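Spelled out from the first residue to the last, the chains are:
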Amino acid sequence: MTITIYGITTCDMVKKARVWLEGHDVAYRFHDFRAEGLDAKRLDGWAGKVGWEKLLNKASTTFRELADKDKQGLDDKKAKALMLAKPTVIKRPVLEVGDRVLVGFKADVYEAVVK
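Remember, predicted model here, so these are calculated numbers, not experimental data. (Residues numbered from 1 in each chain as written. Predicted model: local features only at pLDDT ≥ 70, side-chain atom pairs only at ≥ 80, totals over all residues. Heavy atoms only, no water.)

J.: Quick question: what am I supposed to make of the overall build of the protein here?
T.: Across its full length, the protein carries eight helices and four strands. Moving toward the C terminus, one meets the helices and strands of the protein in the order β-α-β-α-α-α-α-α-α-β-β-α. C-alpha atoms of the protein, sized along the principal axes, occupy 45 × 25 × 25 Å. Residues classed as buried in the protein amount to 43% of the 115 residues present. Sequence separation of at least 24 residues holds for 62% of the intrachain contacts in the protein that already meet a minimum separation of 6. Just so you have it, the protein exposes about 6,500 Å², and 49% of that area is on carbon and sulfur atoms. One way to put it: in the protein the 22 positive side-chain charges average out to a point 2 Å from where the 17 negative ones average out. (Helix = DSSP H or I, 4+ residues; strand = E, 2+ residues; numbered from the N terminus. Buried < 20%, exposed > 50% of the residue type's maximum accessible area, 1.4 Å probe, protein only. Contact = heavy atoms within 4.5 Å. Areas by Shrake-Rupley, 256 points an atom, 1.4 Å probe, with all protein chains shown as cover. Lys, Arg positive; Asp, Glu negative; His and termini not counted. Charge placed at Lys NZ, Arg CZ, Asp CG, Glu CD.)

Spelled out as structure tokens, the structure:
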């Protein structure tokens, strides 16, 4: 089973998830949004599985710093465009485990899905 974790290297939740995976001897690939970007097809796939609302992190520094006009009237199309333009507004980490998508890090959820 292929496991890929998406995020940024400086994110504390990404760090916790990676430490958990490594501590449980789970092989994975790390994809850094900042260095490698994110394509629309993958984002569409995630949004189709978990919803754009779960992916968009309105508590992120990047989102809070947006102009009010960019935060208002968010719908599927506008939210996806925002996430592609500024991937740091995506809630992290995003973990792909086979065809499943997990957003955020909770050890008990990882334990149930990864093991």
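J.: Would you explain unusual backbone geometry in this entry?
T.: With an omega of -10°, the peptide bond running from Arg92 to Pro93 counts as cis. In this structure, Asp25 takes a positive phi of about 55° despite not being glycine. Structurally, Asp25 is set in the loop between helix H1 (12–23) and strand E2 (29–32).

J.: What's the story with helix H3 (residues 40–50) in this structure? I'm lost.
T.: Three or more residues of H3 are buried, namely Leu43, Trp46 and Ala47. In a view along the axis of H3, the buried residues occupy a sector of 95°, so they form one face of it. Opposite its buried face, H3 presents the exposed residues Lys41, Gly48 and Lys49, each directed more than 90 degrees away. In this structure, the buried side of H3 is in contact with strand E1 (3–7), helix H2 (33–36), helix H4 (52–55), helix H7 (76–85), strand E3 (94–97) and strand E4 (100–103). Between the side-chain oxygen of the N-cap and the backbone nitrogen of Lys41 there are 3.2 Å, and the N-cap of H3 in question is Asp39. Of the residues trailing H3, Gly51 is marked for its positive phi of about 90°. (Arc of directions from axis to C-beta. Polar contact = N/O pair within 3.5 Å; in protein donor to acceptor, adjacent residues only side chain to side chain.)

J.: Got a minute to help me understand the nonpolar core in this structure?
T.: The tendency in soluble globular proteins is for nonpolar side chains to be buried as a group. Grouped together as the largest cluster of nonpolar side chains are 37 residues, with contacts concentrated most on Trp46, Leu55, Met83, Leu95 and Tyr110. Contributing elements (two or more residues each) for this core: E1, H1, H3, H4, H7, E3, E4 and helix H8 (107–114). Setting aside anything within four residues of it in sequence, one finds Leu55 in contact with Leu43, Trp46, Ala47, Val50, Met83, Val89, Ile90, Lys91, Val94 and Val103. (Core = buried A, V, L, I, M, F, W, Y, C linked by side-chain atoms within 4.5 Å.)

J.: What is the right way to read the layout of surface pockets from this model?
T.: Rolled over the atoms, a probe with the dimensions of a water molecule shows which regions are left empty. Its volume calculated, the largest pocket comes out at about 270 Å³. Together, 14 residues line the largest pocket, and Lys91, Val103, Gly104, Phe105 and Lys106 are the ones closest to its centre. Within the residue set of the lining of the largest pocket, elements represented by two or more residues are E4 and H8. Considering every element that reaches the lining of the largest pocket, the biggest residue donor is E4, with three residues. Its residues assigned to classes, the lining of the largest pocket comprises eight nonpolar, two polar and four charged. (1 Å grid on protein atoms, 1.4 Å probe; cavity = no way out; pocket = protein on both sides within 12 Å on 5 of 7 lines; lining within 4 Å. Points joined across faces, edges and corners; volume = space filled by probe spheres on them. Nonpolar A, V, L, I, M, F, W, Y, C, P; charged D, E, K, R; others polar.)

Shape descriptors only; they carry no functional weight alone.
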